[in-house]
Amino acid sequence: MADPTSPLVTLTRPYRAVLSSRIRSQRSYRANFTIDLVSSLLVGIVELAEVGVLFLNVDRLGGLEFTQILIVFGLADLAFSVADLAFGHCDNLPTYLRAGTLDVFYLRPQPLLLQLITSNISLRRLARAMVGLASLVTGLVLADVDWSFAAVALLLVSALSGIATFAAMFVWAAGAQFFLIDGAEATNAFVYGGRYAASQPASVWNRPLKVVFGFFFPMAFTAYLPTVTLLGLPGTDLMPSWLGWCAPLAAIFTWAMALLSWRIGVRHYRGGGG
Amino acid sequence: MSTDTAIIETRELGRDFKVRDGVRRRTLTAVDDLSVCVGAGEAVGYIGANGAGKSTTIKMLCGILVPTRGSVTTCGLRPVADRRELARQVGVVFGQRTQLWWDLPVRESFTILAAIHGLGRTAETARTEELVDRLELAEFLGTPVRQLSLGQRMRAEVAAALLHSPRLVILDEPTIGLDVLSKQRLREFLVAERTVHGTTLLLTTHDMGDVERLCDRILLVDRGRLVWDGTLAGLSRTVGAQRVLVVDLAASTPDLVDVPSTQHLGSEGGGLRQRLAFDPDTTTAAKVLAAVSERVEVLDLAVEEPDVEDVVRRVYAARR
Amino acid sequence: MPTSIQTTGRTSWRPYWRILVAGFRRQSTYRLAALGGLIANTTFGLLKVAILFATVRAAGGDLNGYDIGTISAYIWISQGLLGSVNLNGRSDIATRIKDGGIVVDFLRPLSVQAASVATEVGQSIFALIPRGLPTVSIGVLVVGMNVPSAASGYLLGALSLLLGIVVSATTVYLVAAAGFWLVETRGLQILYMVVSGFFAGLFVPIDLFPNALRIVAECTPFPSMLMYPVDVLSGRVVGMDALGLVGLQVLWLVLTALAGHLMTRAGRRKLEVQGG
């Protein structure tokens, strides 16, 4: 064949083929897609309302005002929704395992994890990401942000790291599903519980919660800590103010844990299951 | 058979599963001491009862499961270590699980699979056309997979598994649930594929029609162990299964009860058609025919092979 | 035991009791799932403790009538009920109505609605054992919480809890029964899922809502599923007020059950006319 194709184009062709078919299929059921978009939007709004209702009764929570918590909620929900859009279907692994569809992945010449990740995409989560984005922008406008190059860099780095961290949480959970199967809800405690935790000011947590959702699953690094750093607020116990710059480290750590979990899971599947 | 041309080679292959039996854990041996060599271009039927270890073996051949003991090479590759390279050379049809995208038209599934296997535009078009033509897929190429009948879906599955022209095709219960016509079509296609491309076939099945029409060698497993490796005829002989000579005679004849080395099974049409069973070890069809011809003119004849299921049942019974 | 001969038109309670017990048994086979649910409930509970305790303290110890003890009771009882109260809108009967299996159910000499509700309630009551009680126990032991002081409080609390479970089953049945007319009930189910948790007071008690929003919530059956049982069980609402809440639950039970009955009848007629 004569067409000049770069190695990148060739290498990504299988994944692009699957993903574009998924997108076309979702858009072809127009009525369903609209319902999905609306409900996803509602989920975001309801979650924001849950935070907002608390501030009707108090002025500050965990040292943050409402405009400041909007930044935390916005960063957390934006990052989670984007990760959910691209990685959320990893939750379906138990179904794949029960139906034996995972075996089909073994018959294709791509890495298993990449196949699983690129096997689907949920465009409807875009609506929820918009709620997060709107909350973030509102918060940034209303809160007293000292704008500088560093502030913009911090925001960008934190948002990208947050997406990566949540994505890794989905992969970590998928690895654990190889063992749990029926007990998949246990991982929800940390993936979806993680999202809930990420939208809270970590300053309200006790020490055990700080260890679990501050560091082991570094949820505080996706939104709260960068916000504290951005606004120049004082840190809390175990969490100094500068820690917000370390979001990329948290993402790398979570991915290392996720890949390890996936490896152990696959090894178990090949060796033990049947 | 030299190792160079071996498509499948297993040596003392074994696989155990740990199963929970209430509180206690016990080990269940699914495959044990399996040593088999399948050469390029062979068509092998892998048969045995449910739970005899067939699926476990297939999963080990494809790199889905790691063997507990022994070694396995498929297409000269180590299935687990070289899984991705192996995927380019093997096509698998699982009768029970789909490789197609249920909400997409059949054609689109083929396009995606072509991308997955990195087929060039020309190769993709040529191979798709060949498969569409030979498996008669044209009429439902634009139909979403979930709307296909079982027979149509199975043909589409086979095409999907063969799109990248694999050297080895493994079919796990390919004809299960199909009607007679669909089975027939699928078998004819597989015979042609093998003749044209020299593809090696390994199929597990409960349908003995598949074995009789497609396979020149069978592997029979019982409780994880290989109990026969050879031709179907040879297997029938070892269990003393008899062949049957059916003769159409020119005139009504009394039952031929005293032909040497045979047993009279029955007559139809007032003795115009008679069935004689004989043991292939003590006599031959030619000798029996000659003996009959001495008495009455034979218009037509047929030799019935023993029923495969009957043979398998005899093997199992003898081992219990 | 003497066997009663059933006459047509009068149905005995026994088949529904059997169905309820079967639903209970079926759940007991999913032990790992129950453990996973318990872990999830507890984790979310601890996070709710962190944020809501902080809110009570920020409000000076009295958050619209909630103190630390009552907010803790609210958190742990609602988390415990989560496995028993259907807040996702999914049900087996919805699938049967969609795929046409319901036709077979109509052939049985049982009320389709009652049988479906009995199955759901059986499963829900079972879920109290591996999920409900342990979650509440963890709350009591680890965090501490308010409990009713009088035995009557427990009795009324148990009744309120049972009513909450049944109201959630009768309401979810309405979502499923819409499938007699709608081709796809998924949209409705998702809407139920999004709205029910919020209005049932799952994340924030509805007494903390702004007035208008609270009135909207009170016009739905959702507070009857979770908020009212929690209020009665925790002893935050007592005496006549508690009886009033239970009365509201009964009202919603009657309304949703009646609506379900009418929809089932109309749906059956539609199937008979159109032949499924």
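A. View of the overall build of chain A. A tally of helices and strands in chain A yields 12 helices and 2 strands. Listing the helices and strands of chain A from first to last along the sequence gives α-α-β-β-α-α-α-α-α-α-α-α-α-α. A compact globule built from 274 residues should have a C-alpha radius of gyration of about 19 Å, and chain A, at 20 Å, falls within 12% of that. When its C-alpha atoms are laid out on the principal axes, chain A stretches across 60 × 40 × 40 Å. In chain A, which comprises 274 residues, the share counted as buried stands at 57%. Contacts in chain A between residues far apart in sequence, at least 24 positions, make up 76% of those at least 6 positions apart. When the accessible surface of chain A is summed, it comes to about 11100 Å², and 70% of that surface belongs to carbon and sulfur atoms. Between the centroid of the 18 positive side chains of chain A and the centroid of its 15 negative side chains there is a distance of 13 Å.

B. The arrangement of the side chain of C:T42 in detail. By the element assignment, C:T42 lies in helix α2 (residues 31-58). The residues contacting C:T42, other than those within four sequence positions of it, are C:W76 and C:I138.

C. Inspection of the packing of aromatic side chains at higher detail. For the coordinates displayed, the defined rule picks out 25 aromatic pairs over all chains. Considering the side-chain rings of A:F178 and A:W262, the 5.3 Å spacing of their centres and the 65 degrees angle between planes classify their relative orientation as edge-to-face. Taken together, the positions of A:F178 in helix α8 (residues 149-180) and A:W262 in helix α12 (residues 247-271) put the pair 84 residues apart, joining distant regions of the chain. The same class applies to A:F178 as to A:W262, namely buried. Note on C:F198 and C:F199: the rings are 5.7 Å apart at their centroids and 35 degrees apart in plane angle, and the pair reads as tilted. Per residue, the accessibility class of C:F198 equals that of C:F199, and both read buried. Taken together through their ring pairs, the aromatic side chains of A:W172, A:F190, A:W205, A:F213, A:F216 and A:F217 make up a single cluster. We note B:R15 situated over the ring of B:F17; from NZ or CZ to the ring centre the distance is 4.6 Å. Just above the ring of C:Y66 sits the side chain of C:R236; from NZ or CZ to the centre is 4.1 Å.

D. Broad picture of the interface of chain A and chain C. Listed as interface residues are 34 residues of chain A and, on the opposing side, 34 residues of chain C. Our enumeration of links across chain A and chain C arrives at 2 salt bridges. The salt bridge involving C:R186 is made with A:D36; its shortest N-O contact spans 2.8 Å. Between the two partners, chain A and chain C, sit 4 residue pairs in polar contact (both at pLDDT 80 or more). Listing elements by their share of the side of chain A that touches chain C, those giving two or more residues are α2 (30-57), β1 (60-61), α9 (185-198) and α10 (207-216) of chain A. In terms of residues, the side of chain A that touches chain C owes the most to one element, α2(A), which gives 13 residues. Classifying every residue of the side of chain A that touches chain C gives 22 nonpolar, 7 polar and 5 charged.

E. Spatial organisation of the sheet that holds strand β8 (residues 217-222) of chain B. All names here are of chain B. Strand order in the open sheet formed by 6 strands is β5-β6-β7-β3-β8-β9, with mixed pairing between adjacent strands. Either end of the sheet is taken by a strand with one partner, and the two such strands are β5 (90-94) and β9 (225-230). With strand direction ignored, the average angle separating the axes of adjacent strands in the sheet is 15 degrees. Across 5 bridges, the pairing between β5 and strand β6 (residues 168-172) is parallel. Residue pairing across strands places V93 opposite L171, the latter belonging to β6. Packed on one face of the sheet, helix α5 (residues 150-162) meets β5 and β6 and runs near 160 degrees to β5. Across the sheet, helix α10 (residues 308-319) lies against β3 (43-47), β8 and β9, angled at about 35 degrees from β8, the strand it touches most.

F. A look at the nonpolar core. Grouped together as the largest cluster of nonpolar side chains are 227 residues, with contacts concentrated most on A:L93, A:W205, A:F213, A:W262, B:F110 and B:I170. Contacts of A:W262, omitting those with residues within four sequence positions, involve A:L93, A:L112, A:L113, A:L116, A:V171, A:A174, A:G175 and A:F178.

G. Main features of the domain arrangement of chain B. Partitioning chain B into domains gives domain 1 (3-89 + 166-230), domain 2 (102-164) and domain 3 (240-319). The distance between the C-alpha centroids of domain 2 of chain B and domain 3 of chain B comes to 46 Å.

H. The arrangement of the sheet that holds strand β10 (residues 243-249) of chain B in detail. All names here are of chain B. Ordered by their spatial adjacency, 4 strands build an open sheet running β11-β12-β10-β13, and the pairing between neighbours is antiparallel. Each end of this open sheet is capped by a strand with a single partner; those strands are β11 (262-268) and β13 (298-304). When strand polarity is set aside, the average angle formed by the axes of neighbouring strands in this sheet is 20 degrees. Pairing analysis gives 6 bridges linking β10 to β13, with the strands arranged antiparallel. If you follow V246 over to β13, its bridge partner there is A302.

I. Focus on the packing of α9(A) against α2(C). The contact between α9(A) and α2(C) brings their axes to 7 Å, and the two run at 20 degrees. Considered as vectors, α9(A) and α2(C) are oriented roughly parallel to each other. α2(C) is crossed by α9(A), and the crossing has right-handed handedness. Only C:A33, C:G36, C:G37, C:I39, C:A40, C:T43, C:F44, C:L47, C:K48 and C:I51 of α2(C) make contact with α9(A), whose side of the interface consists of A:E185, A:A186, A:N188, A:A189, A:F190, A:Y192, A:G193, A:Y196 and A:A197. Each residue belonging to the contact of α9(A) with α2(C) can be placed in one class, and the counts come to 12 nonpolar, 5 polar and 2 charged.

J. Representation of empty space enclosed by the protein within the structure. All chains considered together, the criterion is met by 4 cavities of 30 Å³ or more. Approximately 190 Å³ is the volume found for the largest cavity. Lining the largest cavity are 17 residues, with A:E50, A:V51, A:L54, A:Y196 and C:I51 sitting closest to its centre. At the level of elements, α2, α3 (66-87) and α9 of chain A together with α2 of chain C are the ones that each hand at least two residues to the lining of the largest cavity. With 5 residues, α2(A) is the single largest residue contributor to the lining of the largest cavity. Considered class by class, the residues forming the lining of the largest cavity number 12 nonpolar, 2 polar and 3 charged. Put simply, the second largest cavity is a space of about 70 Å³. Around the second largest cavity, the lining residues are B:I8, B:T10, B:L34, B:V36, B:V38, B:Y46, B:T57, B:L61, B:L202 and B:L219. Listing elements by their share of the lining of the second largest cavity, those giving two or more residues are β1 (6-21), β2 (24-39) and α1 (54-62) of chain B.

K. Structural detail: the pairing of β9(B). Residues and elements named next belong to chain B. Here β8 runs beside β9; their pairing, made up of 5 bridges, is antiparallel. Bridge pairing in β9 links I218 to G230. The antiparallel pairing of β8 with β9 creates a hairpin that spans 2 residues between the two strands, and R223 there sits at a positive phi of about 45 degrees.

L. Local environment of the interface of chain B and chain A. Listed by partner, the interface residues are 35 residues for chain B and 30 residues for chain A. Summed over both sides, the interface of chain B with chain A buries roughly 2800 Å², with 53% coming from carbon and sulfur. Per-residue buried area on chain B facing chain A is highest for B:I64, B:R83 and B:I116; these three make up 22% of the total on that side. Where chain B touches chain A, the interface holds 4 salt bridges. Residue A:D103 pairs with B:K59 through a salt bridge whose shortest N-O separation is 3.6 Å. The interface formed by chain B and chain A includes 15 residue pairs in polar contact (both at pLDDT 80 or more). With 6 residues, helix α3 (residues 106-116) of chain B is the single largest residue contributor to the side of chain B that touches chain A.

M. Quick peek at the pairing of β3(B). Residues and elements named next belong to chain B. Extensive coverage of β3 is indicated by the burial of 5 of its 5 residues. By the alternation rule, side chains of β3 split into A43, G45 and I47 and V44 and Y46, which are all buried. For β3 and β8, the ladder comprises 4 bridges, and the chain directions are parallel. Looking across to β8, one finds that G45 is bridged to I218.

N. Focus on unusual backbone geometry. Even without being a glycine, A:L238 presents a positive backbone phi close to 70 degrees. Tracing the sequence through the fold places A:L238 in the loop between α11 (224-231) and α12. Phi at B:C75 takes a positive value of approximately 50 degrees, unusual for a residue other than glycine.

Criteria and thresholds
Residues numbered from 1 in each chain as written. Chains lettered and ligands numbered in written order. Predicted model: local features only at pLDDT ≥ 70, side-chain atom pairs only at ≥ 80, totals over all residues. Heavy atoms only, no water. Helix = DSSP H or I, 4+ residues; strand = E, 2+ residues; numbered from the N terminus. Rg over C-alpha atoms; globule rule 2.2 N^0.38 Å. Buried < 20%, exposed > 50% of the residue type's maximum accessible area, 1.4 Å probe, protein only. Contact = heavy atoms within 4.5 Å. Areas by Shrake-Rupley, 256 points an atom, 1.4 Å probe, with all protein chains shown as cover. Lys, Arg positive; Asp, Glu negative; His and termini not counted. Charge placed at Lys NZ, Arg CZ, Asp CG, Glu CD. Phe/Tyr/Trp six-rings, centres within 6.5 Å; stacked < 30°, edge-to-face > 60°. Lys NZ or Arg CZ within 6 Å of the ring centre and 35° of its normal. Salt bridge = Lys/Arg side-chain N within 4 Å of Asp/Glu carboxyl O. Polar contact = N/O pair within 3.5 Å; in protein donor to acceptor, adjacent residues only side chain to side chain. Nonpolar A, V, L, I, M, F, W, Y, C, P; charged D, E, K, R; others polar. Pairing = 2+ DSSP bridges. Axes fitted to C-alpha atoms, helices over the stretch in contact; angles between N-to-C directions. Core = buried A, V, L, I, M, F, W, Y, C linked by side-chain atoms within 4.5 Å. Domains from an automatic or database assignment. Parallel < 35°, antiparallel > 145°, perpendicular 65-115°, else oblique. Left-handed = near helix turned anticlockwise from the far one by under 90°. 1 Å grid on protein atoms, 1.4 Å probe; cavity = no way out; pocket = protein on both sides within 12 Å on 5 of 7 lines; lining within 4 Å. Points joined across faces, edges and corners; volume = space filled by probe spheres on them. Buried area = accessible area lost by both parts, 1.4 Å probe.

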